[in-house]
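The residues making up each chain are set out below.
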Amino acid sequence: MATMRAMQVPEAGADFELVEREVPEPGFGEALIRVHACGVCHSDMFAKEGGYPGVSHPLVPGHEIAGAVERLGEGVNGWEVGQRVGVGWFGGNCGYCEWCRRGSLIDCENMEIPGITTDGGYADYVVVRASAMASMPEDLSAEEAGPLLCAGITTYNALRTSGARGGDRVAILGVGGLGHLGVQFANKLGFETVAIARGTAKEELARKLGAHHYVDSTAGDPAAALQKLGGVDLILSTVTSSDAMGAVFGGLRPNGKLLVVGASMEPLPIPAAMLIGGSKTIAGHASGTSIDSEDTLNFSVLSGVRPMIETVPLERAAEAYEKMLSGDARFRMVITTGA
């Protein structure tokens, strides 16, 4: 049997280990992907530490997968061997649960998540449901595509479905792994873009990425700074700090929305009364399905949006994970297989 390399977590909380495995065979409705690159996401900690429903070990992390179709299982139509594809958090839907039948595929009760509920892309090959695949443009490298399949789709899809219109004033809270893409997408979607971050170190970069305004959240009341600009119609929160979200909420204009894509388990410190004046709302946004990933990749090529990345070979996956976790990545770590 043919073998492959995989960087697996043998049990929750254990160190990564590089192992040799048999190359898996795709089953009915599945495809075998030759991995070229895989982005490292903060959510990979669910694979490393456990705690997410459906996680079992040993497990190969990775849900920002860019590669090419190696083999197709029975019952797969519309794809070809050798075709460049990407797979993100959406690992394919079942097609029969209530939410699939209602057309909300991202809410599928039996959705797979590569690298979380099934083996992911920290390997030479990975098997995925065919419904998880997005066609990858030739003008986009695998290394660039990887982060766009999670951080990219999360910010782009949230912005384009937020209800904000071209010319609206939109703030991106945080200029990190998600935020540096959010700033670019907001600019390219025609929004008057405000970047909010701690300190002034990221101001020059934020403006180069497309921010028309920059707010240092440590220089005073960030909500007041937003109101000085006239208030904002939308705040896309890419940070995990509930306090930071609470601090900017008062910067919304009437009918404004705080849209949360950065995961935090802490409650938001926003008084209910603040929702009433101006009819403001708070909402969350899940990443999106495979066609949303495909739209993200295509829009990125069209508009010139690209992630800022650092690449490391597969055998240094543990190093990439630690750099991501420490916040030292600028801004996305990407593992390459040498394929």
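Residues numbered from 1 in each chain as written. Predicted model: local features only at pLDDT ≥ 70, side-chain atom pairs only at ≥ 80, totals over all residues. Heavy atoms only, no water.

This next bit is on helix H9 (residues 290-303). The first and last C-alpha atoms of H9 sit 20 Å apart over 14 residues, in line with the 20 Å expected at 1.5 Å per residue. Downstream of H9 by a residue or two, Gly304 has a phi angle that is positive, lying close to 85 degrees. (Helix = DSSP H or I, 4+ residues; strand = E, 2+ residues; numbered from the N terminus. Expected span 1.5 Å × (residues − 1).)

Cis geometry marks the peptide bond from His57 to Pro58, where omega comes out at 0 degrees. The linkage connecting Arg330 with the following residue, Phe331, adopts the cis geometry, with an omega of 0 degrees. Mapped onto the elements of the fold, Phe331 is located in the loop between helix H10 (317-326) and strand S15 (332-336). Although it is not a glycine, Asn255 adopts a positive phi angle of roughly 70 degrees. When you line up the elements, Asn255 lands in strand S12 (residues 252-260). Non-glycine residue Ser279 carries a positive phi angle of around 50 degrees. Position of Ser279 among the secondary structure elements: in the loop between helix H8 (273-276) and strand S13 (281-284).

Another point: the pairing of strand S11 (residues 232-237). Most of S11 sits inside the fold, with five of its six residues counted as buried. As judged from the four bridges shared by strand S8 (residues 169-173) and S11, these two strands associate in the parallel manner. The residue bridging Val170 from the neighbouring strand is Leu234, located in S11. In this region the chain leaves S11, passes through helix H7 (residues 242-248) and returns to the parallel neighbour S12; the handedness of that crossover is right-handed. (Buried < 20%, exposed > 50% of the residue type's maximum accessible area, 1.4 Å probe, protein only. Pairing = 2+ DSSP bridges. Right-handed = clockwise from strand over helix to strand, strands pointing away.)

Let us look at the packing of aromatic side chains. Overall, the coordinates contain seven aromatic pairs when judged by the stated rule. Ring geometry for Tyr156 and Phe185: centres 5.2 Å apart, planes at 45 degrees, overall tilted. Residue Tyr156 is located in helix H3 (residues 142-160), and its partner Phe185 is located in helix H4 (residues 179-188); the two are separated by 29 residues in the primary sequence. Residue classification places Tyr156 among the buried positions, given a relative accessible area of 7%. With a relative accessible area of 0%, Phe185 lands in the buried category. Clustering of aromatic rings is evident, with ring pairs tying together Phe16, Tyr122 and Tyr321. Positioned over the ring face of Tyr125 is Arg34, at 4.9 Å from the centre of the ring. (Phe/Tyr/Trp six-rings, centres within 6.5 Å; stacked < 30°, edge-to-face > 60°. Lys NZ or Arg CZ within 6 Å of the ring centre and 35° of its normal.)

Quick look at the layout of surface pockets now. One number sums up the size of the second largest pocket: a volume of about 180 Å³. For the second largest pocket, the full set of lining residues is Ser162, Gly163, Ala164, Asp168, Asp233, Leu234, Arg253, Pro254, Asn255, Gly256, Lys257 and Thr281. At the level of elements, S11 and S12 are the ones that each hand at least two residues to the lining of the second largest pocket. Ranked by residue count, the leading element in the lining of the second largest pocket is S12, at five residues. Classifying every residue of the lining of the second largest pocket gives three nonpolar, five polar and four charged. (1 Å grid on protein atoms, 1.4 Å probe; cavity = no way out; pocket = protein on both sides within 12 Å on 5 of 7 lines; lining within 4 Å. Points joined across faces, edges and corners; volume = space filled by probe spheres on them. Nonpolar A, V, L, I, M, F, W, Y, C, P; charged D, E, K, R; others polar.)

That is the geometry; function is a separate question.
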